Amino acid sequence: MDPVEILRAMKASLGGGGETALSAVEGKLKDPFAVLVATVLSHRTRDERTSEAAMRLFGRFRTPQELAAADESEVAGLIRGVGFYRNKARAIINIAKEITTKHGGEVPRDLEGLLELPSVGRKTANCVLVYGFGLEAIPVDTHVHRIANRLGLVATRTPGETESRLMEIFPRNAWTEVNDTFVMFGKKICKPIGPRCWSCPLTGFCMYYKTGSGRRTQGEREREVKRKS
Ligand code: SF4
């Protein structure tokens, strides 16, 4: 199956509903700095909490300069609700300071520049490129890594290896769609535990399903339906 067809099938199965936290923040604030901060907030945090915290924070501090001068406990209070909020408050302020002092208040538009910021790893940097600037990159989080391996698109052990392989597999003009589509698909259908293979359009292609794991899941689902009927 062509990788672009896989993306299309995933999108069709989602029915057009919902959006990731980063899409939501970008849609509302249209600001790469907000996307960068939201990506930091999103680590180990549900999407709804990430977007709520980002909107509260940016309702009070709008620019890197304002956040660089912010009181850490006030920032922590605004983002309370996301995981590790105290550490993240410190990290966000440090990022804002670095952007203010070394980049003239502008978020770097390239991977190397982003990776030099404190607390910014490869996934966060790629998210800023895709969601903040609309540039071609493939951010690999746990959803992308898990689903790409389950499908058999890649056979990799680390997100970094997955990123390299997916960049070879997908045509460049599809890169910006990969993260958003895989994340939504991972939240609704190919869940970390108990993937909903019975409602997935990719069973004919998926290695995980074909080798039995997914079929057992479907069997369990059928037994569950019988029990309830
Ligand atoms: S068949 Fe199951 S494991 Fe494979 S992609 Fe679909 S939901 Fe995920």
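Bear in mind that the values here come from a model prediction, so they are computed numbers and not experimental data.

Asks: Describe the nonpolar core, naming the residues involved and giving the relevant values.
Replies: Of all hydrophobic cores here, the largest spans 44 residues; its most connected members are Phe33, Leu36, Leu57, Leu67 and Ile79. When residues of this core are traced back to their parent elements, those giving at least two are α2 (21-29), α3 (32-42), α4 (47-60), α5 (64-68), α6 (72-79), α7 (85-102), α8 (111-115) and α9 (122-133). The leading source of residues in this core is α3, at eight residues. Look past the residues within four positions of Ile79 in its chain and what remains in contact with it is Leu41, Ala53, Arg56, Leu57, Tyr85, Lys88, Ala89 and Ile92. By size, the runner-up hydrophobic cluster in this structure holds 27 residues, among which are Val140, Ile147, Ala148 and Val154.

Asks: Tell me about the layout of surface pockets, and name the residues and values.
Replies: Of the voids in this model, the largest pocket is the one considered here, and its volume is about 520 Å³. Lining the largest pocket are 19 residues, and of these Ser42, Thr45, Asp47, Asp141 and His143 sit closest to its centre. If you list the elements that add at least two residues to the lining of the largest pocket, you get α2, α4, α9, α10 (142-151) and α12 (175-188). Each of domain 1 (3-14 + 139-228) and domain 2 (31-133) accounts for three or more of the residues forming the lining of the largest pocket. Elements that contribute at least two residues to the lining of the second largest pocket include exactly α1 (3-14), α9 and α12. Looking at the lining of the second largest pocket element by element, the count peaks at five residues for α12. Class assignment of the residues belonging to the lining of the second largest pocket gives a composition of four nonpolar, six polar and four charged.

Asks: I'd love a proper account of the packing of aromatic side chains, names of residues and values included.
Replies: All told, the structure shown has two aromatic pairs when counted by the stated rule. Relative to Phe182, the ring of Phe170 lies with its centre 6.4 Å away and its plane at 80°, an arrangement referred to as edge-to-face. One end of the pair, Phe170, is in the loop between α11 (159-169) and α12; the other, Phe182, is in helix α12, and twelve residues separate them in sequence. Side by side, Phe170 and Phe182 carry an identical accessibility label, which is buried.

Asks: Please provide a residue-by-residue account of the pattern of salt bridges, values included.
Replies: If you walk through the whole model with that rule in mind, you get ten salt bridges. Here Lys102 and Glu98 are joined by a salt bridge, their closest N and O atoms 3.2 Å apart. Of this pair, Lys102 and Glu98 both sit in helix α7, four residues apart, which is roughly one turn of that helix. On the basis of relative accessible area, Lys102 is assigned to the exposed category, the value being 59%. Linking Glu163 and Arg122 is a salt bridge whose minimum nitrogen-to-oxygen distance equals 2.8 Å. Of the two residues, Glu163 is situated in helix α11 and Arg122 in helix α9; the sequence distance between them amounts to 41 residues. Since its relative accessible area comes to 41%, Arg122 is described here as partly exposed.

Asks: Go over the packing of α3 against α7, please, and point to the residues and values.
Replies: Look at α3 against α7: their axes get within 10 Å of each other, and the N-to-C directions meet at 155°. With respect to each other, α3 and α7 are oriented roughly antiparallel. Relative to α7, α3 is oriented so that their crossing is right-handed. Residues Phe33, Leu36, Val37, Val40, Leu41 and Ser42 of α3 pack against Lys88, Ile92, Ile95, Ala96 and Ile99 of α7.

Asks: Tell me about the environment of Cys197, residues and numbers included.
Replies: Mapped onto the elements of the fold, Cys197 is located in the loop between α12 and α13 (207-210). Judged by its relative accessible area of 9%, Cys197 falls in the buried class. When the C-alpha positions of Cys197 and Thr63 are compared, they lie 44 Å apart, and in sequence the two are 134 residues distant.

Asks: Can you tell me about the domain arrangement of the chain, naming the residues and giving the values?
Replies: What the domain assignment reports for the chain is domain 1 (3-14 + 139-228) and domain 2 (31-133). Computed from C-alpha coordinates alone, the two centres of domain 1 and domain 2 are separated by 29 Å. On the domain 2 side, the residues contacting the eight residues of domain 1 number eight residues. Interface of domain 1 and domain 2: buried area, both sides summed, is about 700 Å²; carbon and sulfur atoms make up 53% of it. Between Asp47 and Lys187 there is a salt bridge, and its shortest N-O distance comes to 2.7 Å. Inspection of the domain 1/domain 2 interface yields five residue pairs in polar contact (both at pLDDT 80 or more). Here the element with the most residues in the side of domain 1 that touches domain 2 is α12; it accounts for four residues.

Calculation criteria
- Residues numbered from 1 in each chain as written.
- Predicted model: local features only at pLDDT ≥ 70, side-chain atom pairs only at ≥ 80, totals over all residues.
- Heavy atoms only, no water.
- Core = buried A, V, L, I, M, F, W, Y, C linked by side-chain atoms within 4.5 Å.
- Buried < 20%, exposed > 50% of the residue type's maximum accessible area, 1.4 Å probe, protein only.
- Helix = DSSP H or I, 4+ residues; strand = E, 2+ residues; numbered from the N terminus.
- Contact = heavy atoms within 4.5 Å.
- 1 Å grid on protein atoms, 1.4 Å probe; cavity = no way out; pocket = protein on both sides within 12 Å on 5 of 7 lines; lining within 4 Å.
- Points joined across faces, edges and corners; volume = space filled by probe spheres on them.
- Domains from an automatic or database assignment.
- Nonpolar A, V, L, I, M, F, W, Y, C, P; charged D, E, K, R; others polar.
- Phe/Tyr/Trp six-rings, centres within 6.5 Å; stacked < 30°, edge-to-face > 60°.
- Salt bridge = Lys/Arg side-chain N within 4 Å of Asp/Glu carboxyl O.
- Axes fitted to C-alpha atoms, helices over the stretch in contact; angles between N-to-C directions.
- Parallel < 35°, antiparallel > 145°, perpendicular 65-115°, else oblique.
- Left-handed = near helix turned anticlockwise from the far one by under 90°.
- Buried area = accessible area lost by both parts, 1.4 Å probe.
- Polar contact = N/O pair within 3.5 Å; in protein donor to acceptor, adjacent residues only side chain to side chain.

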